[in-house]
2 protein chains.
Amino acid sequence: MNDQPVIGITVGDPAGIGPEIVIKALIKHHLNDKYRLVVFADHAVIDQAFFHTGLYADIREVRKPDDFHFQSADIHLMNCGIIDHHVQMGQINADCGNSVLSHVSSAIEWALKGWVDAVATAPLQKESLQQGGSPYLDHTAMFKALTKSNDATTLFMVDQLRVFFLTRHIPLRDVADAITDHMLSDAIPRCLLYLSQLGLTNPVLAVAALNPHGGEDGLFGTEERNTIIPAIKKAKSAGYRVEGPIPGDSVFHLANEGRYDGVLSLYHDQGHIAAKTLDFYRTVSLTMGLPFLRTSVDHGTAFNIAGQNKANETSMIEAIHAAVLYGPIIKNSPDSS
Amino acid sequence: MNDQPVIGITVGDPAGIGPEIVIKALIKHHLNDKYRLVVFADHAVIDQAFFHTGLYADIREVRKPDDFHFQSADIHLMNCGIIDHHVQMGQINADCGNSVLSHVSSAIEWALKGWVDAVATAPLQKESLQQGGSPYLDHTAMFKALTKSNDATTLFMVDQLRVFFLTRHIPLRDVADAITDHMLSDAIPRCLLYLSQLGLTNPVLAVAALNPHGGEDGLFGTEERNTIIPAIKKAKSAGYRVEGPIPGDSVFHLANEGRYDGVLSLYHDQGHIAAKTLDFYRTVSLTMGLPFLRTSVDHGTAFNIAGQNKANETSMIEAIHAAVLYGPIIKNSPDSS
């Protein structure tokens, strides 16, 4: 077990399902026995998650690697000390946002110091984060800023499918105009680099088409002809192993069959629908392009069921597995930015 | 077997994979022994498919129901008599388009006469169809015109998922503006009617959202707030069982889990990606709103592998199964238009 990486786990918003799914993953599914894990949270929040789940373990508070004692069955906790009271579940709350800001920052600091090898995050609540005084909109913004990584890139993994996103949180009507040669020319080499960092040899990337049937030669849209095909040709000429544009309704199937190592989807729902329809709970999100690997559940805080012991912990388990599996490779990659 | 429906099967473009997948479905998978099937094609084209597949059966040419003799192992063929020579596979060809126009028209005529109870179609090639003198762009146009059905609607089925489409063959950049209250108000009752016609009791329809996270209250798009939510509210007030808008990355998963009986997707790739990533080969397409059921494979002619005995016949088998299963219900539905 000593050669295993140490994984930091942040519980996300205390009023959401994050603490519950972390505790279920660690105790009910025995990940705490199997791996070397450090939880970033408030002690009171973990106690409340014990109460909600009916699960329990001894807590070992740690403030530096010397405090680790993974031979024990204790949950290792980096106690952020923001919340010391009962949290009202499912509510926007400045204290909760403040707790997230504190415990995620702390996990990033530990990762930069090399005290943990990768970080797996449970979901936060954006509005609470704002009310808690965060200058960052979300997890990705926090990881990018605090690690000074401009190129941080989200990758979804499920089954054999690895999906990148060219655009994400913009209205669907703005997607066609947002896609530029510059973006594609920047994204293609980075996606290929990240696939290599995941241990794939000579990976091949497929670029999804934007329009039905890939535009059917201009009949249903001109972006393939005018922007996407030229960018792919240019990348190919430069020696990159990239194919496409492949129509959206076949590219994910083909990638999942192993024909392509990764897919560059062009908009949020294109890649999200593919991954999450294929396996809603086992889809895991990786943030690439940081100095260390961050993995994440691909769902939100689910305030409507928080505190009811109803949340499905599968995605959290997958996020921890992925951190253990890929964290050391990415940390040691000579190309990691 | 006598109470079974009679299903018409059109082989589609003779230069594509259609004849091959029909012959494989009927002989290799024994559907011709199990069901009462009439193939619409040219005799020479079937002979060529025997040659390509190495499969063989006796042919019984039929021109009216009196000619049927389903107790025999013969393939029942309505010979359209357009092609009497070897077809160059994988090529655009006016004769092939003319053959499709003839044999599909003939199958529709038989269905309108009640000689067949439903029609399952293999893929055609649009350019060949045009060169063959067809006034119709594709299958759907042909079925709509020849049956005088303005409301013909495509439905994809795979696993527990049933997907309708509000828009289809338009550029992605035009989708947001294409979605109107009028279209939604027209589509919601029809989708619910079609779900009832498939035998579902008190079906519930979910409408997919257009934007990431359903627009996140206007942050990533306003169509939900301005158009989709009001249309759904109006339909609910009128007593229709409809939910939404549900974000694209969860609505298909939820429907496949049984939470909704059908999903109204808002654009081509939204529904296509969900269905075809879930199970590429077993996705089957139903055309609802005709006087009879038409089912179809959900793929094209695959000219690149035509005549090579490489085509996967699964979708054709599913299309025939669906025609047998749902054809009689829809034919006898009092509401079928």
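Reading the values: the criteria
Residues numbered from 1 in each chain as written. Chains lettered and ligands numbered in written order. Predicted model: local features only at pLDDT ≥ 70, side-chain atom pairs only at ≥ 80, totals over all residues. Heavy atoms only, no water. Core = buried A, V, L, I, M, F, W, Y, C linked by side-chain atoms within 4.5 Å. Buried < 20%, exposed > 50% of the residue type's maximum accessible area, 1.4 Å probe, protein only. Contact = heavy atoms within 4.5 Å. Least-squares fit on C-alpha atoms with pLDDT ≥ 70 in both. Pairing = 2+ DSSP bridges. Helix = DSSP H or I, 4+ residues; strand = E, 2+ residues; numbered from the N terminus. Axes fitted to C-alpha atoms, helices over the stretch in contact; angles between N-to-C directions. Domains from an automatic or database assignment. Buried area = accessible area lost by both parts, 1.4 Å probe. Salt bridge = Lys/Arg side-chain N within 4 Å of Asp/Glu carboxyl O. Polar contact = N/O pair within 3.5 Å; in protein donor to acceptor, adjacent residues only side chain to side chain.

Enquirer: I keep staring at the nonpolar core and nothing clicks. Help me out?
Expert: Nonpolar side chains in soluble globular proteins tend to end up buried together. Within the largest apolar cluster, 144 residues are counted, with the highest numbers of intra-cluster contacts made by Ile320 of chain A together with Ile320 of chain B. Here Ile320 of chain A is in contact with Ile9, Ala25, Leu26, Leu31, Tyr35, Leu37, Ala120 and Thr295 of chain A, once residues within four sequence places are set aside. With 38 residues, the next largest nonpolar core counts Phe252 and Val263 of chain A together with Ala208 and Ala255 of chain B among its residues.

Enquirer: Honestly, the relation of the copies chain B and chain A in this entry has me stumped. Any pointers?
Expert: For the pair of chain copies, the relating transformation is a rotation about an axis with a translation along it. You can overlay chain B on chain A at an RMSD of 0.0 Å; the transform is a turn of 180° with a shift of 0.0 Å along its axis. Such a combination of rotation and displacement between the chain copies is what one expects of a two-fold axis. Looking at the interface residues of chain B, 100% of them are also at the interface in chain A, so both copies use one shared face.

Enquirer: Looking at this structure, how should I read the sheet that holds strand β4 (residues 75-79) of chain B?
Expert: Residues and elements named next belong to chain B. One open sheet holds the twelve strands; their spatial order is β3-β4-β2-β1-β5-β12-β11-β6-β7-β10-β8-β9, and the pairing between them is mixed. Across the chains shown, the open sheet's two edge strands, defined by having one partner strand only, are β3 (59-61) and β9 (242-246). Taken pair by pair, the neighbouring strands of this sheet meet at an average axis angle of 30°, ignoring direction. For strand β2 (residues 36-41) and β4, the ladder comprises four bridges, and the chain directions are parallel. Residue pairing across strands places Val39 opposite Leu77, the latter belonging to β4. Where helix α12 (residues 314-331) meets the sheet, it contacts β1 (6-10), β2, β5 (118-121), β6 (153-158), β11 (284-288) and β12 (293-297), and its direction lies at approximately 170° from that of β12.

Enquirer: What exactly am I supposed to notice about unusual backbone geometry here?
Expert: For residues that are not glycine, phi is negative in most cases, and the peptide bond is trans in most cases. Residue and element names in this part refer to chain A. Of note, the amide linkage connecting Gly244 to Pro245 takes the cis form, showing an omega dihedral of -5°. Among the secondary structure elements, Pro245 is positioned in strand β9 (residues 242-246). Non-glycine residue Lys148 carries a positive phi angle of around 55°. Mapped onto the fold, Lys148 is located in the loop between α6 (139-147) and β6 (153-158). Look at Lys148 and you get exposed, because its relative accessible area is 74%.

Enquirer: Teacher, can you tell me more about the domain arrangement of chain A here?
Expert: Interfaces are often described in size by the accessible area the parts lose on coming together. Residue and element names in this part refer to chain A. Domains assigned within chain A are domain 1 (1-151 + 289-337) and domain 2 (153-281). Relative placement of domain 1 and domain 2: their C-alpha centres are 30 Å apart. At the junction of the two partners, domain 1 supplies twelve residues and domain 2 supplies eleven residues. Each partner contributes to the roughly 1200 Å² buried at the junction of domain 1 and domain 2, and carbon and sulfur atoms together form 53% of this total. Considering only the surface of domain 1 that becomes buried against domain 2, Asp151, Asp298 and Tyr326 emerge as the three largest contributors, covering 43% of it. The tally of links between domain 1 and domain 2 comes to one salt bridge. One salt bridge connects Lys276 with Asp298, and the closest N-O pair in it is separated by 3.5 Å. Scanning the region where domain 1 abuts domain 2 turns up five residue pairs in polar contact (both at pLDDT 80 or more).

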